[in-house]
Amino acid sequence: MTRYLLSLPAVAFVISMYTGILLLLVRLTVSISGIPTGALRVLAFSGEGALGIILLLGGTFIATRLAVFLFTPFSRLPG
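Residues numbered from 1 in each chain as written. Predicted model: local features only at pLDDT ≥ 70, side-chain atom pairs only at ≥ 80, totals over all residues. Heavy atoms only, no water.

1. Points about the environment of Arg65
Moving on, step 1. Mapped onto the elements, Arg65 comes out in helix H2 (residues 38-71).
Moving on, step 2. Through-space distance from the C-alpha of Arg65 to that of Phe13 is 13 Å; in sequence the pair is 52 residues apart. (Helix = DSSP H or I, 4+ residues; strand = E, 2+ residues; numbered from the N terminus.)

Set out below in structure tokens:
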């Protein structure tokens, strides 16, 4: 029963984590758009794309691990 109650703060954590990631990426996009040099801007957008992929995949990994931890029965946990 307590694991089901823990799922509510877990969902709030995942939502706030993704909101933070998206706000960071939007802030980076706005600041990169102000770069006057074309080649440097392309390089910065490429780096931002790589960072976005890493952050979103990492967020998905954390959310998935949290869900598996919360909804796996005690008898099936390792250790």
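2. Focus on the side chain of Ser7
Moving on, step 1. In this fold, Ser7 is placed in helix H1 (residues 2-33).
Moving on, step 2. When near neighbours in sequence (up to four residues on either side) are disregarded, Ser7 contacts Leu70 and Phe71. (Contact = heavy atoms within 4.5 Å.)

3. Some details on a nonpolar patch on the surface
Moving on, step 1. Nonpolar side chains collect at one region of the surface, where Phe13, Phe61 and Ile62 lie side by side and expose about 310 Å² of accessible area between them.
Moving on, step 2. Within the secondary structure layout, Phe13 lies in helix H1.
Moving on, step 3. Residue classification places Phe13 among the partly exposed residues on the basis of a relative accessible area of 42%. (Patch = residues over 30% accessible without salt bridge, like charges linked within 9 Å, V, L, I, M, F, W, Y side chains within 5 Å. Areas by Shrake-Rupley, 256 points an atom, 1.4 Å probe, with all protein chains shown as cover. Salt bridge = Lys/Arg side-chain N within 4 Å of Asp/Glu carboxyl O. Buried < 20%, exposed > 50% of the residue type's maximum accessible area, 1.4 Å probe, protein only.)

4. Thoughts on the packing of H1 against H2
Moving on, step 1. Look at H1 against H2: their axes get within 10 Å of each other, and the N-to-C directions meet at 180 degrees. The orientation of H1 with respect to H2, classified from their angle, is roughly antiparallel.
Moving on, step 2. Residues of the contact of H1 with H2, tallied by class, amount to 23 nonpolar, six polar and three charged. (Axes fitted to C-alpha atoms, helices over the stretch in contact; angles between N-to-C directions. Parallel < 35°, antiparallel > 145°, perpendicular 65-115°, else oblique. Nonpolar A, V, L, I, M, F, W, Y, C, P; charged D, E, K, R; others polar.)

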